[in-house]
Amino acid sequence: MLMRSKNTQNNLPRVNKRRLLQTPRGMKDILPEDFLYYDYLLQTAKKTLEFYNFRRCEPPILEKADLYNKGIGSNTDIVEKEMYTLKTKEEGEFLALRPEYTAGIVRAYVENGMFNWPQPVKLYSFGPVFRHEKPQAGRYRQFYQLNIESLGDSSPALDAEIILAAKVFLENLGFNHNELEISINSIGCHKCRPIYIRALTKYYQQHLKDICTDCKKRLKTNPLRILDCKNAKCKNVKEKAPNFLDFLCDDCRNHFKNVLDILDSLGISYVLDKTLVRGLDYYTRTVFEIKKKDKAGDLALAGGGRYDYLVKLLGGLDRPAVGVAFGVERIVDELKLMKKKLEYPKPKVFLIQIGDAAKKQAFILLEKLRKANISVESNLEKDNIKSQIKNADRVGALYSLILGQQEVLDGMIIIKDMVSGLQETIPFDRIIDELKKHLKETI
Ligand SMILES: [Zn+2]
Ligand SMILES: [Zn+2]
């Protein structure tokens with residue numbers, strides 16, 4: 001009788017192998033051809049922002065969950081519904097994958113004593129952030145943000161500088177300045193905001209019949225966010241809602257006027273948008289968005305504002321700050337639509353080898369060529385000359401080098417012009433000089 005041995009593997013829970021090979025819901029791989037765009041964006045950011053004296057700073061991807069509860073506000077969608085949290089095994093610490101950059105940057109500013117540095121401290125960051133949102137087309141649960149912050153100073157000049165740097169960055173990426181629109185608003189300070197919120201709440205309470213259930217909820221938890229509502233039902237009520245600009249205290253009004261004056265003097269046009277409040281609790285005074293105007297609907301590329309109380313709220317000194325975040329995936333999609341052509345560098349030379357002795361030499365020659373700064377590719381796993389020539393064509397090499405058994409014995413190598421098909425045999429040790437000469441002629 002055939003006995004079935006009990007395989008220990010059979011006791012393990014069954015794993016659906018197909019599902020094992022899928023990214024988690026709402027996440028995606030960035031493939032090489034796509035990463036070119038991310039890299040282009042980062043390189044352009046680096047060039048633009050470092051020229052404006054911003055310096056790169058990267059907080060960890062994981063922070064204490066409380067940093068966001070306190071910093072972003074526990075009544076916001078981000079914290080309430082969208083944060084990825086975990087408990088560490090040994091310490092039982094509650095951590096969160098960063099849903100945005102600013103709270104982490106402020107923590108880093110305080111923890112590293114940056115308030116003692118010359119102010120403002122101008123920083124930028126680039127990396128993934130995580131939000132457990134409902135997956136939809138073009139929206140991912142892990143996405144990239146470029147972030148710019150200016151910490152430690154309340155001057156309206158810094159609001160204007162952030163807006164300017166953000167706009168120049170987008171233009172340097174290839175966006176036309178005519179198609180970019182800046183909308184701007186002020187949402188006041190601790191002094192004037194409660195007065196506005198009272199007026200807003202009173203107004204909405206008179207229109208309860210005409211607003212959606214979300215707005216009714218917001219009216220109790222976070223009335224300012226009511227202006228964010230995109231529901232068509234609330235449109236009419238929203239349009240006639242009190243305007244924050246009529247409620248600003250003298251300091252806030254002056255600040256806002258100064259920001260606009262500087263933008264005017266820089267020739268930066270903007271649209272005042274009284275419904276712009278942004279989704280995060282920490283904003284004060286200036287809030288803004290940069291959109292790409294489009295017939296099919298405007299596309300927000302960046303959003304930001306002042307957050308004058310956040311440093312203090314997170315346990316630091318009273319240090320005002322201002323910043324902006326860019327949605328990288330959206331910009332990448334736009335760059336593709338613009339047909340921005342990006343390519344990896346192509347090898348100029350392809351090395352073909354036939355036989356064991358040639359293969360051995362080929363390894364050494366490849367590194368020699370690379371050390372001489374000649375970009376070269378090869379297929380050392382192949383022996384067939386035809387397929388190697390095909391590959392040389394495919395990668396777009398200008399020259400191929402052919403090293404066969406006979407050439408190794410004679411101390412020679414064949415150099416072949418891939419365009420004309422002409423070839424000559426030259427001494428092996430002259431190959432670098434010859435290639436350099438040929439490449440110079442082609443360039
Ligand atoms: Zn105020
Ligand atoms: Zn609504």
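Residues numbered from 1 in each chain as written. Chains lettered and ligands numbered in written order. Predicted model: local features only at pLDDT ≥ 70, side-chain atom pairs only at ≥ 80, totals over all residues.

## Some thoughts on the sheet that holds strand β3 (residues 85-87)
Pairing is antiparallel in the open sheet, where three strands are placed in the order β2-β4-β3. Bordering the open sheet on either side are β2 (62-64) and β3, each of which pairs with just one other strand. For this sheet the average axis-to-axis angle between neighbouring strands, irrespective of direction, equals 35°. Looking at chain direction, β3 and strand β4 (residues 94-97) are connected through three bridges and run antiparallel. (Pairing = 2+ DSSP bridges. Helix = DSSP H or I, 4+ residues; strand = E, 2+ residues; numbered from the N terminus. Axes fitted to C-alpha atoms, helices over the stretch in contact; angles between N-to-C directions.)

## So, the domain arrangement of the chain
Segmentation of the chain into domains returns domain 1 (23-192 + 248-337) and domain 2 (349-442). Computed from C-alpha coordinates alone, the two centres of domain 1 and domain 2 are separated by 50 Å. (Domains from an automatic or database assignment.)

## Thoughts on the confidence of the model for the chain
Confidence along the chain averages 92 in pLDDT terms, with 96% of residues attaining 70 or more. Note that residues 1-9 has pLDDT below 50 and, in this model, zero contacts with residues that lie over four places away or in other chains. (pLDDT = per-residue confidence, 0-100. Contact = placed C-beta atoms within 7 Å.)

## As for the packing of helix α2 (residues 32-51) against helix α12 (residues 328-337)
As a packed pair, α2 and α12 sit with axes 10 Å apart at the nearest point and diverge in direction by 110°. It follows that α2 is roughly perpendicular to α12 by the angle criterion. Facing Tyr 37, Tyr 38 and Leu 41 of α2, the residues of α12 in contact are Val 328, Ile 331, Val 332, Leu 335 and Lys 336. Residues that form the contact of α2 with α12 fall into these classes: seven nonpolar, no polar and one charged. (Parallel < 35°, antiparallel > 145°, perpendicular 65-115°, else oblique. Nonpolar A, V, L, I, M, F, W, Y, C, P; charged D, E, K, R; others polar.)

## Quick notes on the packing of helix α6 (residues 156-173) against helix α10 (residues 250-265)
Geometry of a packed helix pair, given as the angle between the helix axes and the separation of the axes. In contact at an axis separation of 8 Å, α6 and α10 are set at 45° when each is read in the N-to-C sense. With respect to α10, the axis of α6 lies oblique. Note that α6 runs across α10; the crossing there is right-handed. Together, Pro 156, Ala 157, Asp 159, Ala 160 and Ile 163 of α6 and His 255, Asn 258, Val 259, Ile 262 and Leu 263 of α10 make up the contact between the two elements. In the contact of α6 with α10, the residues fall into seven nonpolar, two polar and one charged. (Left-handed = near helix turned anticlockwise from the far one by under 90°.)

## Brief notes about the sheet that holds strand β15 (residues 412-417)
Hydrogen bonding along the main chain pairs the strands of a sheet, whether they run parallel or antiparallel. Overall, mixed pairing links the five strands, which are arranged β13-β12-β14-β15-β16 in an open sheet. Looking at strand neighbours, the two that pair on one side only are β13 (376-378) and β16 (423-427), the edges of this open sheet. Shown here is a sheet whose adjacent strand axes are inclined to one another by a mean of 25°, direction ignored. Two elements, strand β12 (residues 349-353) and β13, share three bridges in a ladder whose sense is parallel. Opposite Phe 350, over in β13, you have Glu 377 as the bridge partner. Taken strand by strand, helix α14 (residues 385-394) contacts β12 and β14 (399-403), and its axis lies near 175° from that of β12.

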